[in-house]
Amino acid sequence: MSRAPERPERPLLPPSLWALVAVVAASRALLGAGVGPEGRATLLAASPLVTLAACALLAGVGARGAVATVAAVGLSLSCAVASCGLELGRQESLADLLSSSPVSGWEMVVEGDMSEGASGWRGRARLAAGGGSFWLLCDEPLSMGDSVTCVGRFSPNEEDEWGASSRAQGLAGTVRVVRVLERHGATGAWGMVLGLRERVLASLDAGSSDARALVAGTVCGHVGAMGERGLDELFARCGISHLVAVSGGHLVLVTGMVGVALGRTRLRPLPRLSMTLFLTGLFVAFCGAPASAVRSWAMTLVAAASHLAGRRAHPLSSASLVALVMALADPGVTGQLGYLLSVMCVCGICALGPYVGYVAGVVLARRGSRAARGRVGAALRAAGSDARQALAMTLVSQVVTAPLTCVTFGTLSLVAPLANVLLAPLFSVLLALGLASALLAWLPPAQELALLGCEVVGAPLMGVARALASAPGACVAVSVDEGTALVALALALAAMLLAWPRVSRRAVLAAVALIAVAGLSWHLRWRLFAPACVRVLDVGQGDAILVTDGASSALVDTGPGEAVVGALARSNVAHLDAVVLTHLHADHAGGLDDLLAVIGVDVLVVPEGTDATGLAEGVEVCEVGYGDVLRVGGFSMRAVSPVEPAAGEGNEGSLELLVSYAEDGRSLTALLAADAEREETGAAVERGDVGDVDLLKVGHHGSEASLTPEIAAALSPEVSVASAGEGNGYGHPDPACVDILEEAGSVFLCTMDVGDVCVEPGAEGPVVSCQRDWVLP
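Residues numbered from 1 in each chain as written. Predicted model: local features only at pLDDT ≥ 70, side-chain atom pairs only at ≥ 80, totals over all residues. Heavy atoms only, no water.

1. As for unusual backbone geometry
Look at the link from S641 to P642: it is a cis peptide, with omega at 0°. Of the consecutive residues H732 and P733, the connecting peptide bond is found in the cis state with omega at -5°. Relative to the helices and strands, P733 resides in the loop between strand 20 (719–722) and helix 25 (735–743). In this structure, H701 takes a positive phi of about 60° despite not being glycine. Considering the arrangement of structural elements, one finds H701 in the loop between strand 19 (695–697) and helix 24 (709–715). For H701, a relative accessible area of 2% translates into the label buried. (Helix = DSSP H or I, 4+ residues; strand = E, 2+ residues; numbered from the N terminus. Buried < 20%, exposed > 50% of the residue type's maximum accessible area, 1.4 Å probe, protein only.)

2. Digging into the sheet that holds strand 20
Strand order in the open sheet formed by 7 strands is 15-16-17-18-19-20-21, and the pairing between neighbours is mixed. The outermost strands of the open sheet, each flanked by one partner alone, are strand 15 (629–632) and strand 21 (747–750). Ignoring strand direction, the axes of neighbouring strands in this sheet form an average angle of 20°. The sheet contact formed by strand 16 (residues 635–641) and strand 17 (residues 656–663) spans 5 bridges and is antiparallel. Residue R638 lies in a different strand from strand 17, and its bridge partner there is L658. Helix 23 (residues 678–687) rests against strand 16, strand 17 and strand 18 (666–672) of the sheet, and its axis sits at about 105° to strand 16. (Pairing = 2+ DSSP bridges. Axes fitted to C-alpha atoms, helices over the stretch in contact; angles between N-to-C directions. Contact = heavy atoms within 4.5 Å.)

3. Thoughts on a nonpolar patch on the surface
The grouping of L267, M275, F278 and L282 at the surface amounts to a nonpolar patch, some 340 Å² of accessible area in total. Among the structural elements, F278 can be located in helix 11 (residues 269–286). By relative accessible area, F278 is classed as exposed at 52%. (Patch = residues over 30% accessible without salt bridge, like charges linked within 9 Å, V, L, I, M, F, W, Y side chains within 5 Å. Areas by Shrake-Rupley, 256 points an atom, 1.4 Å probe, with all protein chains shown as cover. Salt bridge = Lys/Arg side-chain N within 4 Å of Asp/Glu carboxyl O.)

4. Description of the sheet that holds strand 9 (residues 530–536)
Read from one edge to the other, the open sheet built from 8 strands follows the order 14-13-12-11-10-9-22-23, with strand pairing classed as mixed. For this open sheet the edge positions go to strand 14 (620–624) and strand 23 (767–770), each flanked by a neighbour on one side alone. The mean inter-strand angle of the sheet, taken between neighbouring strand axes irrespective of direction, is 25°. When strand 22 (residues 757–760) meets strand 23, the two strands line up antiparallel, connected through 4 bridges. Across the sheet, C758 pairs through a bridge with S769, a residue of strand 23. Most of the contacts of helix 19 (residues 505–528) go to strand 9, to which it runs at about 70°, and overall it touches strand 9, strand 10 (545–550) and strand 12 (575–580).

5. Describing the side chain of N157
Mapped onto the fold, N157 is located in the loop between strand 5 (147–156) and helix 4 (161–168). A polar side-chain atom of N157 sits 2.7 Å from the main-chain carbonyl oxygen of L171. Among the polar contacts listed, one links the side chain of N157 to the backbone oxygen of A172, at a separation of 3.5 Å. What N157 contacts, discounting residues up to four positions off in sequence, is Q91, G163, S166, R167, L171, A172 and G173. (Polar contact = N/O pair within 3.5 Å; in protein donor to acceptor, adjacent residues only side chain to side chain.)

6. Concerning the packing of helix 14 (residues 337–364) against helix 19
Two elements in contact, helix 14 and helix 19, have axes whose closest approach is 8 Å; the angle formed by their N-to-C orientations is 100°. By the angle class used here, helix 14 and helix 19 are roughly perpendicular. In contact with V359, V362, V363 and L364 of helix 14, helix 19 contributes R505, V508 and L509. Among the residues making up the contact of helix 14 with helix 19, the classes are represented as 6 nonpolar, no polar and 1 charged. (Parallel < 35°, antiparallel > 145°, perpendicular 65-115°, else oblique. Nonpolar A, V, L, I, M, F, W, Y, C, P; charged D, E, K, R; others polar.)

7. Some words on the layout of surface pockets
Taken as a whole, the second largest pocket encloses approximately 990 Å³ of empty space. Along the walls of the second largest pocket sit 29 residues, with L17, V21, M344, A490 and L493 positioned nearest its centre. Among the elements of the structure, helix 1 (15–33), helix 14, helix 15 (374–409) and helix 18 (482–499) are those that each provide at least two residues to the lining of the second largest pocket. Of the residues assigned to the lining of the second largest pocket, the class counts are 26 nonpolar, 1 polar and 2 charged. (1 Å grid on protein atoms, 1.4 Å probe; cavity = no way out; pocket = protein on both sides within 12 Å on 5 of 7 lines; lining within 4 Å. Points joined across faces, edges and corners; volume = space filled by probe spheres on them.)

The following block contains the structure:
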């Protein structure tokens, strides 16, 4: 019988960790809010005074051990306020400069790989003359390190969520490139490194297979081909995206390979260590110097310095100190997801990894069986130990980063622990072969052999990943508030560190079973007993209307992008019987792919005559036309426009649906007008297809052309809802539309003001509630 594992000692949390937490929180808040000079001066003056008072209080009550920590936190906060002040000043100066002079008068340098989005290719850039960074938006991609002169327009950060996010990342605004006038690559040592990178990427032919795309991502830090092949979504669903991102795991393998090569030389320890640091630093630069890799390399440097000084390295102190220095030197990194996830993972693993490994060992320890002996037994024990370690690291990483990943991606992978245990070894082999193929780029026959090995390893890796991703419930949509989630995580971790309990297998399994039962109960409650309601979802500048009743649910339109996933998570929806697309404009159908990646959908419904080829692979597609009726529980949805097949093209071809419900003394009628305007809705009223309604989902986002006073009077809605995004460039909803509806006696709501709007059937009219604490009187 195997021996029960020993509980590790409670970790010592160094002052640098507390200082790091304080600096990251303060920097994100200051940069995101764009605190002005007066506010920064007040904070800068108050910080030392508060620190001195706190230290005096602690010393007075005999808590002298905490004085050093409080002093470190206070000093770091003062430095952070000063650093953020300099950063905001740089951003303001840069915005003034680019707003007051032609963009064509400045040479700009692309700082990283660009990614393709709905508006074009976007990436970070800076002025060659210095002064700060900004977004660069182009119709065609530019390469990292390129210097460009262009005709373009600069837009400073707006006072909205996107503007706050950009400001927190150290970006002063966006330059939209109209025409490139001049372009040339990087020069000097940096140009040589980027030239090597481009040569290796070209030799890999990353777009030709999944394995080669993975090599480009893991070895060169270039994930463009992965995105084109859909691997980024696949890996996010499995919870293994971090295995691709260049970080500590990559440097460990590179360091090992360098160590083997240098071990055959006669170099003394100091030159050997210096050469290792130089070559690993060169690898970080070769990958584009992402924040996670820079942090890992700096940790290696700190560990090397500790070794030379004859002191034992403390990983948590080293990680915290390196991350703290990075945040103070460039506060914009605190708004970058890669830096935050990397720091949280490493600090979490250093602090909690041994304990979670101990818990895993208790649960997975074999009982009542004799351990195998000899080499086979040793190999099995080593494999089991590695699997437990991988499981512990995965669980810790997923838990400590959950507040950020759930908010950013709106999903949570439930297969991540298993996926990491199964696939991490294959990724290590793939990385080793990929590094070999990169080094052999100048020997094509030898490189092809290395790439063949990558294909051999990549085939089972991708097969397992796709099998796990296709499992029911592999990835679920979630909606959480970042601040609330971070506070809850902090309290849970504090309770765990204070208790630091010994555990038994029975207790752990009972706790896991309790969590599973609670999760299943929650899922069944919303899957089978959802309330009867029509919910207009806040998805920005687009439409998405959820209709639910008991075990039935349907979504009318998907909005413009991934926001629909978070909106459905807010409504506790994990499955849809149908998705109805009223027409194929991007603001109504653009979120379909993001939705299908997370939410199960039985049927896709499109307007009659629509070419649905490639819209939803593997999902049944059916067409509806004038007079057809769809049923969702007790709701009926009848198509009242257009009369003739319009193939889902144009606003005039939008599918208008009349929704009706009447059960148990409660009733509701609603017109979902999609992008239809007064001509189409007016014709439906004249035909008698629609009359008095309780709810009007206003056509075309509440544009001036959506309806007339006569139409509003005929419909006489008690409540009208327009779906529009904050700061949209169309002026939606138009004040004229709002006035018409309010003069007709309707209460007018817009999703950009009140969030999701839920309208339930009532005995004496509709029952309306809003996401942002608004209730119909």
